[in-house]
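A structural walkthrough
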Amino acid sequence: MLWNSNSYRSLPNLYNSMCGIAGQFNFQRHEPVERETIVQMARSIAHRGPDDEGFFIAGPVGLGFRRLSIIDLAGGHQPMSDVRETVWVIFNGEIYNYKELRTELQGKGHQFRTSSDTEVIIHGYKQWGTDVFNHLNGMFGLAIWDVQKERLVLARDAMGIKLIYYKIDNGTLTFGSEIRAILAAQKSRPDVDPTALNLFLRFRYTPSPLTIFQGIRKLAPGTMLVVEQGQCREERWYKFIPTPFPTPKKKEEAVCELHELYRGAVKRHLLSDVPVGVLLSGGLDSGLLLALMNEQGGPWPAYTIGYGDSFEDDELTDAAETAARLGARHIRVKLDQTEFERSLPRIVDCLEEPIATSSIVPMYFVSQRARQDVKVALIGQGPDELFGGYTRHLGIHYGNLWRGLPAGLRSVAGFAVNRLPRNETLKRGVRSLSAADRLKRYQDVFSLASPETIDGLFREDVLLDGDRHELIDYWDALRPQMEHTDELGGFQLLEIRSSLPDELLMYGDKLSMAHSLEVRVPYLDRTVVEYVQRLGANLKVRNGTRKWLHRQICQRYLSPRILKGKKRGFAANVVDQWFRSSLNGALRDVLLDENSLMFGLLNPRPVRRLLEGHQSGRQDNHKLLFSLVMLEQWLRRSWSPREWLISATKEGMDAVSLAS
């Protein structure tokens, strides 16, 4: 049965509200959706789109959209359809190769009515079906309604830069760019997912397809959800398998090719009809990004977070040097410890789920300041994961040397490492290297603590045997893509498919869009990522130097002092110091107060032992303690103490509900 459309377009909104999608499909009972529900869902994410809103209602399907105008300011209204209204699209993101695709599709007879990238998705779907996603180079979370097939398709981009959340309940699919859109359509409160909470405490983020909410899922990067004929199926559309180049790349060849890929990616990511800037740290990646932007124009505004006079040399000085060298207009954003502690609750609101990395705080404030001048900002995320920029990559790369040592020698060395005070990262690394299965090794490297330690934090009636899932369970489907990778390449593939999108890119999207700022990540352009994944580890880590190949290009643009500087990344190490000092004050009280809401789920005694071990100097538990503080902040933003008490005692904590 085909449904008549009842589409609706509002006037542009002028209040401070970015690009977001929401919708509902009654795919089994085919009851008409309620217009008011779709309107409420879209307006719950109004901060993502201050410039326009639109709705499409057709029987059992409702689509809602909020727009931040970036390209084709006059003609990019959504929901958008073809001229015959057989295919409708709502789309959050940017397609950087849309002009090339438009030309290709016009050559196949397709006629376009606008200059927007959205219309390319419509005609691409009509030409290639769901294989259209393999033609797109960009970031997207989107929904396609195929009127004739009565098919709804949700999809997330290959690198997971944009998000799609969904819930399937009683024959109804509800979805949105943020969780709050789904909550706006719900009459009952969702439950806390014990498995997701366990994984969050272990890894600092909740991996796809889980969220902290029972029953609400997020599409993993490069996957889609297809709903038709009363059934739903989730499948991976992005199946790129990195295979080494037939002839290994020599240094000069690789530097030249990567440089050109960088230039092409930055040129594409600068495509915009509105002002653009750059989020500039004091390090290599954003400095190189600014230099590459200069080849396409400028001068560009560059935004850096700083931490007061005592930390001037930590970040602002290096960033100011790079900005001056490259002719950027440098804007400094100051943050102090008091504001850090005061800001955590509202940052938790923006994130919707607890994320326990200290860089969320600087990201929030630098995005806030950038939005005063620009609508789009480029950020240097990606080279650390692509080229091995973290300390953990050294352990992974040289792990075979460790495993090649005699067992007795490994045992003695491991015993010595475990006796060191406050070296939890090193201890975890040594333990992980001995695992025979590569996914188990990788999982242990990511872990903040052992499964036994995390399980021991829970009250006995919360975490049931069936709730003890491993991250490996969600990585297992990626094994075929790792078939030809070396040890370092396999680990990096999982970072690109899991920790990068579900942690760093997730909070980058949420915290920038909280201020109606679109953040773009040129280093994660598909052409760059797929090229680098085919390179051998010797071009990424060489003689103990991390990001070796990337550094060869940086040398052409940046000063020797910046090249030799230590990694900081918006000076998150300063925020780490603040958090550690806060453990002697207000944040410590959160962990010691037995009336804290987290203790409806967790046992106060092991939490207290973690804090005592940290404060005594025997252990460095600040990352896990920060996770617990973020959990408590999240609960307090969602519940009153009385509501939590009622919920926490219901059915022996088998179901712990969260307020919407």
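Not measured: the values here are computed from a predicted model. (Residues numbered from 1 in each chain as written. Predicted model: local features only at pLDDT ≥ 70, side-chain atom pairs only at ≥ 80, totals over all residues. Heavy atoms only, no water.)

Turning to the pattern of salt bridges, a few remarks are in order. Applying the stated criterion across every chain yields a total of 41 salt bridges. Residues Glu-31 and Arg-29 are paired through a salt bridge, measuring 3.3 Å at the closest nitrogen-oxygen approach. What makes Glu-31 partly exposed here is its relative accessible area of 38%. Note that Arg-561 is salt-bridged to Glu-321, the shortest N-O span being 2.6 Å. One end of the pair, Arg-561, is in helix α22 (residues 560–564); the other, Glu-321, is in helix α8 (residues 316–326), and 240 residues separate them in sequence. (Salt bridge = Lys/Arg side-chain N within 4 Å of Asp/Glu carboxyl O. Buried < 20%, exposed > 50% of the residue type's maximum accessible area, 1.4 Å probe, protein only. Helix = DSSP H or I, 4+ residues; strand = E, 2+ residues; numbered from the N terminus.)

Next up on the list: unusual backbone geometry. Note the cis peptide between Ser-208 and Pro-209, where omega equals 10°. You can see Pro-209 is positioned in the loop between α5 (194–203) and β11 (216–218). In this structure, Pro-299 follows Gly-298 across a cis peptide bond, with omega equal to 0°. Note that Pro-299 resides in the loop between α7 (284–294) and β15 (301–306). In this structure, His-30 is a non-glycine residue whose phi angle is positive, near 60°. Considering the arrangement of structural elements, one finds His-30 in the loop between β2 (20–26) and α1 (35–44). Although it is not a glycine, Gln-229 sits at a positive phi angle of roughly 55°. The topology assignment puts Gln-229 in the loop between β12 (223–228) and β13 (231–236). Judged by relative accessible area, which is 76%, Gln-229 ranks as exposed.

All right, on to empty space enclosed by the protein then. The volume enclosed by the second largest cavity comes to roughly 60 Å³. Looking at the second largest cavity, the residues that line it are Pro-242, Glu-385, Leu-386, Thr-485, Gly-489, Gln-492, Leu-493, Ile-496, Val-532, Gln-533 and Lys-540. Mapped onto the lining of the second largest cavity, the elements with two or more residues apiece are α11 (383–387) and α19 (487–513). No other element matches the four residues that α19 contributes to the lining of the second largest cavity. (1 Å grid on protein atoms, 1.4 Å probe; cavity = no way out; pocket = protein on both sides within 12 Å on 5 of 7 lines; lining within 4 Å. Points joined across faces, edges and corners; volume = space filled by probe spheres on them.)

The next thing to look at is the packing of α7 against α8. Viewed as axis vectors pointing N to C, α7 and α8 meet at an angle of 15°, and their least axial separation amounts to 10 Å. Here α7 is positioned roughly parallel relative to α8, judged by the angle of their axes. You can see that α7 and α8 cross each other, and the crossing is right-handed. Between α7 and α8, the contacting residues are Gly-287, Leu-290, Ala-291 and Asn-294 on the first element and Thr-322, Ala-323 and Leu-326 on the second. Residues that form the contact of α7 with α8 fall into these classes: four nonpolar, three polar and no charged. (Axes fitted to C-alpha atoms, helices over the stretch in contact; angles between N-to-C directions. Parallel < 35°, antiparallel > 145°, perpendicular 65-115°, else oblique. Left-handed = near helix turned anticlockwise from the far one by under 90°. Contact = heavy atoms within 4.5 Å. Nonpolar A, V, L, I, M, F, W, Y, C, P; charged D, E, K, R; others polar.)

Once that is clear, we can look at the packing of aromatic side chains. The geometry of two aromatic rings is summed up by the distance between their centres and the angle between their planes. Summed over all chains, the structure comprises 15 aromatic pairs. Through successive ring pairs, a cluster of aromatic residues spans Phe-133, Phe-140, Trp-237, Tyr-238 and Phe-240. Here the basic side chain of Lys-249 rests over the ring of Phe-245, its NZ or CZ set 4.5 Å away from the ring centre. Above the face of the Phe-245 ring, Arg-534 is positioned so that its terminal group lies 4.1 Å from the ring centre. (Phe/Tyr/Trp six-rings, centres within 6.5 Å; stacked < 30°, edge-to-face > 60°. Lys NZ or Arg CZ within 6 Å of the ring centre and 35° of its normal.)

As a further point, take the environment of Leu-610. Turning to its location among the elements, Leu-610 is positioned in helix α25 (residues 604–616). Among all residues touching Leu-610, those that are not within four sequence positions of it are Leu-457, Gln-619, Asn-621, Leu-624, Leu-625 and Leu-628.

Right, let's talk about the nonpolar core for a bit. Counting 171 residues, the largest nonpolar core has Phe-133 and Leu-602 as its most contacted members. With 11 residues, α19 is the single largest residue contributor to this core. Formed by 23 residues, the second largest nonpolar core is a distinct cluster that contains Cys-19, Phe-27, Ala-58 and Val-227. (Core = buried A, V, L, I, M, F, W, Y, C linked by side-chain atoms within 4.5 Å.)

The terminal C-alpha atoms of α25, which comprises 13 residues, lie 18 Å apart, in line with the 18 Å expected from a rise of 1.5 Å per residue. Taken residue by residue, α25 has Pro-604, Pro-606, Val-607, Leu-610, Leu-611, Gly-613 and His-614 as its buried positions. The N-cap of α25, judged by a side-chain oxygen 3.1 Å from the amide nitrogen of Arg-605 a few residues on, is Asn-603. One or two positions beyond α25, positive phi appears at Gly-617, with a value near 90°. (Expected span 1.5 Å × (residues − 1). Polar contact = N/O pair within 3.5 Å; in protein donor to acceptor, adjacent residues only side chain to side chain.)

A few words now on the side chain of Ser-559. Positionally, Ser-559 belongs in the loop between α21 (548–554) and α22. Judged by its relative accessible area of 7%, Ser-559 is buried. A polar side-chain atom of Ser-559 sits 2.7 Å from a polar atom in the side chain of Glu-321. In this structure, Ser-559 is in contact with Glu-321 and Arg-325, ignoring residues within four places of it in sequence.

Within the secondary structure, His-269 sits in helix α6 (residues 251–269). Discounting chain neighbours no more than four positions away, the residues touching His-269 are Tyr-96, Leu-378, Arg-520, Val-521, Pro-522 and Asp-525.

Moving on: the packing of α5 against helix α26 (residues 622–638). Following both chains from N to C, one finds α5 and α26 inclined at 140°, their axes separated by 8 Å at the closest point. With respect to α26, the axis of α5 lies oblique. Counting all contacts with α5, which are made through Leu-197, Phe-200 and Leu-201, the residues of α26 involved are Leu-624, Ser-627, Leu-628 and Leu-631. Considered class by class, the residues forming the contact of α5 with α26 number six nonpolar, one polar and no charged.

In spatial order, the strands read β5-β6-β7-β8-β12-β13; together these six strands make up an open sheet with antiparallel pairing. If you trace the sheet from one side to the other, it starts and ends with β5 (80–81) and β13, each paired once. Packing against the sheet, helix α3 (residues 118–128) makes contact with β5, β6 (87–95), β7 (138–146) and β8 (151–156), and its axis sits at approximately 125° to β6. (Pairing = 2+ DSSP bridges.)

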